[in-house]
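Chain residues, written in single-letter form:
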Amino acid sequence: MNGKWEGMTINGRPVGDRQTACRLLHQAAHQAHDGDTIAEYDGLPVIARRAATTGRITLAVKAVHEHESGTEMPGPYLTGPSSIVSQLDRIVKNMATDPGKLTERLADAERELAAAQETLAEPFAHEDEYRQKQAELERLTSKPDEPRETESRDQETKERSAGMPLTTENARRLLEQDHDVTEVTQGGNAMGHYLEARLTDGRAVQIDFHDNPAWKDTDRLAGRIEVSYANRPQAEWQYDDNDMADREHTVIDPADPAAGKTLAKAVEGWERAGGLHTARAAGTSHLAANQPPEEYAYRWRKPGDPDRHIAYLSTAFDRDQAMKARENAGYVVTKVDEDPAVLYEQHRKASCMRASHILERYESPDQDAVRILHGIVGEVNAHDPENDIATYLAYPSDKVVQIAGDGLTSADIAEKREMGGWDPRKDPLMRINAQGDWTGITQQQADQIVWDNRDEILTRASYDSELSTWTLHQLDQLKEPQPAQSLDRDRPEPDHKAPAQADSTTKRHGPRL
């Protein structure tokens, strides 16, 4: 250890940037089981340690012996002395500081062991009397059939434990087997332990185990498991109304024999709401058996608003519960009797057409609409990778190689960079141009590209039979422009100088609905 950062290897991948290493170490540790080796640092293996009862994660470095940190692993975005890599530095430094002290401590321990062994070897003055009394006590307190009863109780305990369908560990195993779950993290809050599963599209599911005994008398869900749905994982929360999804939570009794299936159905329902579960080209989720599409729906609106909000659910019970919650919150709700598949088709086309008409009236880009358009581009491209809507995708420069470079050699990537001019040190985003080369762009340019092509993007979305109901919900929330934002159709449209953008292909077509 020379005190100079020289990179490290995490799960076989060389990493040269300290901050990137912190994020990858945090992710690897949460995905690992207790005792797994997740990295190599300064030539030494780094091991993840997970407390069985609390889920607390610590890191250890192994040389001749294993040296574990005395504090919990820091968060992935902390820097400086508080970062994960700095914690490893301290462990390694303590291992290497004054080897003579380690030798001295080992010699002291050996002397103490020898003294203890000598003490044990000395005869006990009343040993015979002690053994007689102990035998008499066992005779008086034992029963003839006690071994059989003990064996029966042990077997009953084992069967009862085996019959508990949903614990933290087997819930984690279920989540880790799902193709649409990229990361499972474990932690604790006031109510007890929780698991968070991050989905491939950036949304998340949180499973709260209400098992904190301190709250058993005040927590209405004590002893239950609560599944909640988020539009982004906790690490990316912005603490606004968009962090958590407007979706009814699922409550599970962990002792219910069908608890595992209920959890599987809850997670799969949230995947399907984002277009994930039905979007896979081949194979099925290991999390649960295939389920039919949502067969129940209802409309909801605020008093005075148009009746355009529609929610789709898997069971009549879920629909009725959701309707009741909406009604209690002051909304007007209506049960839908039409075929949900036909209703969804009509809803998708109507939402896209309405959104196109609204956005056509804006004089300048609307940030909420731009965010939705970026999401639609990614979703439609995921459902149909051959669709040329991919030309509107923008990739974060620090993730370009792992996302867009799959299957490419280093020479291929170097050629695309040279021909397109993308510089990851300067360009925050990368876009693949019509020639397939990698071009650097700014966030403003990426936003302008989807805004200029909003009609075509919405048209493609209207024909995507796997477009998520969450996307439709977002489109339904779009507002008409305020007078200052609205484009006056009775006067000539002013000339707007478009920001410089790398090979932006502008295609403005009316929605072919």
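Heads up: the structure comes first, above all this text.
About the criteria used
Residues numbered from 1 in each chain as written. Predicted model: local features only at pLDDT ≥ 70, side-chain atom pairs only at ≥ 80, totals over all residues. Heavy atoms only, no water. Phe/Tyr/Trp six-rings, centres within 6.5 Å; stacked < 30°, edge-to-face > 60°. Helix = DSSP H or I, 4+ residues; strand = E, 2+ residues; numbered from the N terminus. Buried < 20%, exposed > 50% of the residue type's maximum accessible area, 1.4 Å probe, protein only. Lys NZ or Arg CZ within 6 Å of the ring centre and 35° of its normal. Salt bridge = Lys/Arg side-chain N within 4 Å of Asp/Glu carboxyl O. Pairing = 2+ DSSP bridges. Axes fitted to C-alpha atoms, helices over the stretch in contact; angles between N-to-C directions. Contact = heavy atoms within 4.5 Å.

Draft legend 1. Looking closely at the packing of aromatic side chains. Throughout the structure, instances matching the rule amount to three aromatic pairs. Judged by centre distance (5.7 Å) and plane angle (70 degrees), the ring pair of Trp 422 and Trp 438 falls under edge-to-face. Remark: Trp 438 occurs in strand β17 (residues 438-441) and Trp 422 occurs in the loop between α12 (410-420) and β16 (429-432); sequence separation between them is 16 residues. Both residues of the pair, Trp 422 and Trp 438, belong to the buried class. The lysine or arginine in question, Arg 454, covers the ring of Trp 451, its NZ or CZ lying 4.2 Å from the ring centre.

Draft legend 2. Geometry of the pattern of salt bridges. One pass over the structure, following the stated rule, counts twelve salt bridges. One salt bridge connects Arg 23 with Asp 398, and the closest N-O pair in it is separated by 3.9 Å. Taken together, the residues Arg 23 in helix α1 (residues 18-31) and Asp 398 in the loop between β15 (395-396) and α11 (400-404) connect sequence positions 375 residues apart. Looking at Arg 23, the relative accessible area reads 28%, which means it is partly exposed. Residues Arg 49 and Asp 34 are paired through a salt bridge, measuring 3.5 Å at the closest nitrogen-oxygen approach. Residue Arg 49 is located in strand β4 (residues 44-50), and its partner Asp 34 is located in the loop between α1 and β3 (37-41); the two are separated by 15 residues in the primary sequence.

Draft legend 3. Local environment of the sheet that holds strand β13 (residues 309-313). Strand order in the open sheet formed by three strands is β13-β12-β14, with antiparallel pairing between adjacent strands. Looking at strand neighbours, the two that pair on one side only are β13 and β14 (332-335), the edges of this open sheet. Between one strand axis and the next, the sheet turns by 25 degrees as a mean value, whatever way the strands run. Pairing of strand β12 (residues 296-301) with β13, which is carried by five bridges, proceeds in the antiparallel orientation. Looking at the pairing, Arg 299 lines up with Ile 310 of β13. Packed on one face of the sheet, helix α8 (residues 316-328) meets β12, β13 and β14 and runs near 10 degrees to β12.

Draft legend 4. Here's a closer look at unusual backbone geometry. In the Ramachandran plot, Asn 11 falls in the positive-phi region, its phi being about 50 degrees despite a non-glycine side chain. Tracing the backbone through its elements, the reader meets Asn 11 in the loop between β1 (8-10) and β2 (13-15). The phi torsion at Asp 42 lies on the positive side, around 55 degrees, for a residue other than glycine. Locating Asp 42 in the fold gives a position in the loop between β3 and β4. The exposure class assigned to Asp 42 is partly exposed, which follows from its relative accessible area of 36%.

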